[in-house]
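# Summary of the model geometry
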Amino acid sequence: MITAIRHTGLVVADLMGALHFWCDVLGFKVAKQMEESGPHLDAMMGLKDVRVTTVKLAAPDNNLIELLHFQSHPDKPNWAGQPFSTGFTHIALTVDDLDEMVNRLTQVGVTFPANPQYSPDGYAKVIYARGPEGILLELVEILAK
């Protein structure tokens, strides 16, 4: 049986840029950073000679995102997926003040396909954002408690 979600992994091409975005802009904290390689990792991933930097980032509620930066198997950055693309599409984050967060993210180059929207029941104000390397974020401010 599943007892918890441990973390969500996010492969990044620009680790320093990702750390700046997730920590300095969004407020995550580095919980653990490791340089990983070896036969166990090769076997687990079905690859050869894997070398990867992993950084676990903790949100204020202690949920984790793991950034993975592969030195051995670089991929093309800037995922071009859409909200309707098959597979994992976005990370949803609860924020205290959506308007303030939109202003803050706009200053660092994050784009938004539309203005914030209100849920029909008035429970939340929500916006999608496209951040570094094409990642989609859903930002949610809870209005009705």
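Just so it is clear, the model here is predicted, and its values are computed rather than measured.

On to the overall build of the protein. Each helix and strand in the protein was counted, giving 3 helices and 8 strands. Taken from N to C terminus, the helices and strands of the protein fall in the order β-α-β-α-β-β-β-α-β-β-β. With the principal axes as the frame, the protein shows a C-alpha extent of 50 × 35 × 30 Å. Out of the 145 residues in the protein, the part that is buried amounts to 37%. Counting only carbon and sulfur atoms, one obtains 56% of the accessible surface of the protein, whose full area is about 9,400 Å².

To continue, consider helix H1 (residues 15-25). The complete set of buried residues in H1 reads Leu15, Ala18, Leu19, Phe21, Trp22, Cys23 and Val25. Looking at where H1 begins, the residue whose side-chain oxygen comes 3.4 Å from the main-chain nitrogen of Met16 is Asp14. In the segment just after H1, Gly27 is the residue with positive phi, at about 95°.

Now for the pattern of salt bridges. This structure, assessed with the given rule, holds 2 salt bridges. The salt bridge partner of Glu66 is Lys56, with a shortest N-O separation of 3.1 Å. With Glu66 in strand S4 (residues 64-70) and Lys56 in strand S3 (residues 51-58), this pair connects stretches of sequence that are 10 residues apart. By the burial criterion, Glu66 is buried, and Lys56 matches it. Between Asp99 and Lys125 there is a salt bridge; the shortest N-O distance is 2.9 Å. Separated by 26 residues along the polypeptide, Asp99 in helix H3 (residues 98-107) and Lys125 in strand S7 (residues 124-130) bring together distant segments of the chain. Classification of Asp99 as partly exposed rests on a relative accessible area of 39%.

Our next topic: unusual backbone geometry. The phi dihedral of Asp49 is positive, around 60°, even though this residue is not glycine. Within the secondary structure, Asp49 is located in the loop between helix H2 (39-45) and S3.

A word on the sheet that holds strand S5 (residues 90-94). Taken in spatial order, the 4 strands line up as S5-S8-S7-S6 in an open sheet, and their pairing is mixed. Every other strand in the sheet has two partners, leaving S5 and strand S6 (117-118) as the edge strands with one partner each.

Moving on, we get to the packing of aromatic side chains. Any two aromatic rings considered together are summarised by their centre-to-centre distance and by the angle between their planes. Per the counting criterion, the structure on display carries 2 aromatic pairs. For the pair Phe21 and Trp22, a centre-to-centre distance of 5.7 Å together with 85° between the ring planes defines the contact as edge-to-face. There is no split in this pair, since Phe21 and Trp22 are both buried. Seen from their ring centres, Trp22 and Phe28 are 5.2 Å apart, and the 85° between their planes marks the pair as edge-to-face. Within the aromatic cluster, the residues linked to one another by ring pairs are Phe21, Trp22 and Phe28.

Procedures and definitions
- Residues numbered from 1 in each chain as written.
- Predicted model: local features only at pLDDT ≥ 70, side-chain atom pairs only at ≥ 80, totals over all residues.
- Heavy atoms only, no water.
- Helix = DSSP H or I, 4+ residues; strand = E, 2+ residues; numbered from the N terminus.
- Buried < 20%, exposed > 50% of the residue type's maximum accessible area, 1.4 Å probe, protein only.
- Areas by Shrake-Rupley, 256 points an atom, 1.4 Å probe, with all protein chains shown as cover.
- Polar contact = N/O pair within 3.5 Å; in protein donor to acceptor, adjacent residues only side chain to side chain.
- Salt bridge = Lys/Arg side-chain N within 4 Å of Asp/Glu carboxyl O.
- Pairing = 2+ DSSP bridges.
- Phe/Tyr/Trp six-rings, centres within 6.5 Å; stacked < 30°, edge-to-face > 60°.

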